[in-house]
Amino acid sequence: MKSYRTNVMLCGGTGCVSNGAFKIKDALERELKKHNLENEVGVIMTGCNGFCAQGPVAVVKPDEIFYQLLKEEDAAHIVEEHFLKGRPVKELLYTPPAEKSPVPKMSDIGFFSKQRLIALRNRGMIDPEQIDEYIGRDGYKALAKVLTSMKSEEVIQEVSDSGLRGRGGAGFPTGRKWESRRKDPRTPKYIVCNADEGDPGAFMDRSIVEADPHSVIEGMIIGAYVVGASKGYVYIRMEYPLAVKRMRLAIEQAREYGLLGEDIFGTGFDFDIDIFQGAGAFVCGETTALVSSIEGRIPEPRQRPPRTTLWGKPVVINNVETWANVPAIINRGAKWFSSIGTETSKGTKVFSLAGDINNAGLVEVPMGITLREIVFDIGGGIPKGMEFKAVQTGGPSGGVIPASQLDLPVDYEQLNAAGSMMGSGGMIIMSRKSCMVDVARYFLEFLNDESCGKCTPCREGSGEMLRILERICQGEGRPEDLDTLEELGEAIREASLCGLGQSLPNPVLSSLEHFRDEYEAHINDKKCPAGVCKALITFTIDKEKCKGCRLCAKNCPQEAISGEAKEPHTIDQDKCIKCGVCLDACKFDAVLVA
Amino acid sequence: MGKIRPEDLEKIRERMARTINMREGDARARVTVHMGTCGIAAGARKIMSTLMDLVEERGIDDVVVTTSGCAGLCSREPMLTVELKGEAPVKYVDMDEDKTKSIFSEHIISGKVVKEYALAIGSERVG
Ligand SMILES: Cc1cc2nc3c(=O)[nH]c(=O)nc-3n(C[C@H](O)[C@H](O)[C@H](O)COP(=O)(O)O)c2cc1C
């Protein structure tokens with residue numbers, strides 16, 4: 001097989017692809033041909049590299065040179081300078097926000113150096129569309145070991161000893177889940193991979209499937225062997241076309257090699273996987289709703305029987321990341337895996353960083369790492385050095401954690417104790433520019449919209465909470481509203497049918513706990529301290545600071561700003577729509593929000 | 001390839017080893033062809049393709065072949081630096097196809113420095 005001296009691992013995750021990664025690939029290949037380098041230098045489309053904020057990105061192997069913010073036009077320069085003459089192109093290297101000179105090597109960049117890759121072990125290292133590349137990095141080795149030399153009980157023991165817990169939200173011990181299904185005498189049995197991923201701002205599971213679909217498939221086959229399942233489904237939302245495509249291709253390739261289908265590896269074990277495309281509702285990720293959806297019924301949660309079933313038969317449902325961890329545990333052993341992490345939470349967790357953060361992207365870190373390390377060392381802190389205010393963990397129905405708890409070690413129990421949760425790993429970072437009441441209102445709007453409507457506490461309760469929050473943001477809050485929110489929250493949490501309702505009050509209750517003063521400012525003083533809620537703010541111009549440069553006036557879409565050049569300007573409050581354009585435009589901090 | 005058996009995984013891994021090692025970068029030997037304008041003018045491209053062919057022909061999977069800029073000694077181009085893991089880098093000057101071949105077998109494969117073509121052992125101090 002032909003191999004290259006230099007491999008350009010170009011990110012082919014959804015983010016980079018939508019910023020033109022395929023065009024860059026074509027341009028690079030064209031230029032390589034021009035210099036007769038096409039047999040020496042290969043361009044490989046990988047899954048998501050993780051450093052999405054700087055996309056499109058590429059890593060040049062073996063020297064690990066990290067290129068960022070690539071454009072089609074850069075191809076000629078890179079090929080001539082770097083691939084022909086061996087000189088990395090300085091202008092395309094990454095410079096961390098607080099530093100002056102660029103850091104050429106990926107492993108020296110803080111964003112990468114603090115990460116530990118287990119679920120994402122192959123990210124950026126392989127072409128996810130080539131099964132041989134996965135096998136080249138020890139792929140399907142764990143499956144061979146399990147099928148040829150391990151009993152089901154031994155595999156379960158290994159997974160239990162590793163301490164692996166579900167990565168989809170609740171953190172249920174994976175080994176224990178498998179054991180209960182293994183013992184269930186009913187057949188046939190099913191395996192499901194939950195790739196619904198409905199949290200806004202989360203893309204952990206999409207990235208794993210895009211970067212390394214075989215790791216998920218291998219995990220599922222091992223799970224199937226252990227419990228005695230014959231059929232599996234990957235439940236994935238339609239909004240993830242690239243992930244669906246790569247998963248479909250991976251399943252076909254695995255079938256071709258006899259790793260799926262009848263008589264796997266010639267051992268007599270039969271198992272196959274199909275993709276089930278969900279229409280993309282948040283509630284579909286909930287176990288009982290998900291099985292209803294696969295059964296062809298309306299995806300509404302059910303009162304849980306002791307155990308969820310699919311067509312009345314036993315089913316193991318695990319999250320994408322959970323499955324992807326399994327082969328690594330079998331290959332490297334429970335002891336190795338359990339040596340990483342905290343007392344109760346072993347291994348690593350993938351998080352997506354979004355919101356007010358420099359290095360928005362996807363990271364995998366050991367459990368027990370502090371929020372501070374994630375936000376500042378890996379995430380690079382808040383843009384423009386702004387003050388950190390809070391981080392929402394656990395997705396829309398998680399909770400906010402304030403700056404005072406930045407040193408919290410991240411694991412399932414610690415996050416719960418802080419009034420939030422691990423959830424599936426979405427992290428939304430907020431600076432002082434975020435109004436906590438408005439953020440709670442935003443999440444409630446989402447949850448109210450996604451509430452399936454089957455049970456009253458969730459359907460009506462979320463609506464009532466939303467109305468109160470909207471009222472507060474409008475400046476029409478009443479002093480008793482805060483008690484009502486708390487009371488409602490408790491009731492919804494207690495009485496809802498499924499996890500959606502049970503966790504829905506979290507963003508409100510946790511922000512009430514940590515940022516009650518902001519709620520009170522809205523209600524009592526009719527003020528929004530962060531300057532977000534339009535009904536409660538006015539924009540004015542500081543006459544002392546204004547230099548009369550006209551920049552704000554030129555940018556104002558309402559023509560609400562008047563004043564001669566070099567004279568202080570004024571804003572006509574009747575015309576002002578509080579869009580904040582003037583605030584962003586002013587170079588002298590002369591626009592005031594209060 | 002049709003259906004595979006557990007033992008076939010090893011064969012695929014062997015076949016992929018070079019591709020994978022070239023990306024991981026922790027190879028036994030590293031060969032750098034200096035590709036400044038001077039190097040290219042003096043025939044460095046030919047040296048590179050000779051190396052690539054040798055690696056391919058012999059199925060070597062633990063040698064990284066890479067390029068770098070001008071090494072500062074333009075009159076002695078084409079130049080080659082060979083660095084075996086844990087040993088000091090050796091710079092070879094005035095390369096041609098035949099010299100490249102003998103350096104490949106003697107130094108890169110068998111670990112013996114080819115003194116007659118070598119300019120210096122070790123790198124200049126930086127900073
Ligand atoms: C409203 C709601 C949405 C959920 N969405 C997802 C999801 O998108 N992906 C997921 O893996 N788990 C999701 N879960 C958790 C699942 O119900 C279930 O706990 C998980 O898939 C089990 O796999 P694990 O043990 O590997 O985490 C959701 C739960 C709730 C209540």
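One can find the structure itself at the top, above this paragraph.
Residues numbered from 1 in each chain as written. Chains lettered and ligands numbered in written order. Predicted model: local features only at pLDDT ≥ 70, side-chain atom pairs only at ≥ 80, totals over all residues. Heavy atoms only, no water.

(A) Region of interest: the site of the ligand. All names here are of chain A. Taken together, 19 residues lie around the ligand, and G168, E197, N318, N319 and T322 are the ones closest in. Here an oxygen atom of the ligand sits 2.7 Å away from a polar atom, N or O, in the main chain of G168. Within the backbone of E197, one N or O atom sits 2.8 Å away from an oxygen atom of the ligand. Its free accessible area being 600 Å², the ligand has 90% of it covered by the protein chains. Comparing atom positions with the cavity grids shows the ligand to sit within the largest pocket. Listed by contribution, the elements that provide at least two residues to the shell around the ligand are β10 (313–319) and α20 (499–503). (Near = heavy atom within 4 Å. Polar contact = N/O pair within 3.5 Å; in protein donor to acceptor, adjacent residues only side chain to side chain. Areas by Shrake-Rupley, 256 points an atom, 1.4 Å probe, with all protein chains shown as cover. 1 Å grid on protein atoms, 1.4 Å probe; cavity = no way out; pocket = protein on both sides within 12 Å on 5 of 7 lines; lining within 4 Å. Sits in = over half its atoms within 2 Å of the grid points. Helix = DSSP H or I, 4+ residues; strand = E, 2+ residues; numbered from the N terminus.)

(B) Region of interest: the interface of chain A and chain B. With 43 residues of chain A at the contact, the number on the chain B side is 32 residues. Interface of chain A and chain B: buried area, both sides summed, is about 3300 Å²; carbon and sulfur atoms make up 55% of it. For the interface between chain A and chain B, the tally reads 6 salt bridges. Between A:D63 and B:R30 there is a salt bridge, and its shortest N-O distance comes to 2.1 Å. For the interface between chain A and chain B, the tally reads 11 residue pairs in polar contact (both at pLDDT 80 or more). (Contact = heavy atoms within 4.5 Å. Buried area = accessible area lost by both parts, 1.4 Å probe. Salt bridge = Lys/Arg side-chain N within 4 Å of Asp/Glu carboxyl O.)

(C) Representation of the pairing of strand β1 (residues 29–34) of chain B in the model. Residues and elements named next belong to chain B. Where burial is concerned, most of β1 is hidden: 5 out of the 6 residues are buried. As judged from the 6 bridges shared by β1 and strand β2 (residues 63–68), these two strands associate in the parallel manner. Considered in β2, the bridge of R30 is made with V64. (Buried < 20%, exposed > 50% of the residue type's maximum accessible area, 1.4 Å probe, protein only. Pairing = 2+ DSSP bridges.)

(D) Spatial organisation of the sheet that holds strand β3 (residues 58–61) of chain A. Residue and element names in this part refer to chain A. Strand order in the open sheet formed by 4 strands is β2-β1-β3-β4, with mixed pairing between adjacent strands. Both edges of this open sheet fall to β2 (41–46) and β4 (65–67), since each of them pairs with a single strand only. Adjacent strand axes in the sheet meet at a mean angle of 20 degrees, parallel and antiparallel pairs treated alike. Two elements, strand β1 (residues 6–11) and β2, share 6 bridges in a ladder whose sense is parallel. By the bridge assignment for β2, L10 is matched with M45. On top of the sheet, helix α2 (residues 21–34) reaches β1 and β2; it is set at about 170 degrees to β2, its chief contact. (Axes fitted to C-alpha atoms, helices over the stretch in contact; angles between N-to-C directions.)

(E) The pattern of salt bridges, seen in detail. Under the definition given, this model contains 50 salt bridges over all chains. When the shortest N-O distance is used, the salt bridge between A:K61 and A:E64 registers 3.2 Å. A:E64 matches A:K61 in its accessibility class, with the two residues each being buried. Look at the salt bridges and you will find they share partners, linking A:D138, A:K141, B:E10 and B:R13 into a network.

(F) Structural context of the side chain of A:D481. For A:D481, the location among the structural elements is in helix α19 (residues 481–495). Aside from chain neighbours lying at most four places away, what touches A:D481 is A:I468, A:R471, A:I472 and A:I523.

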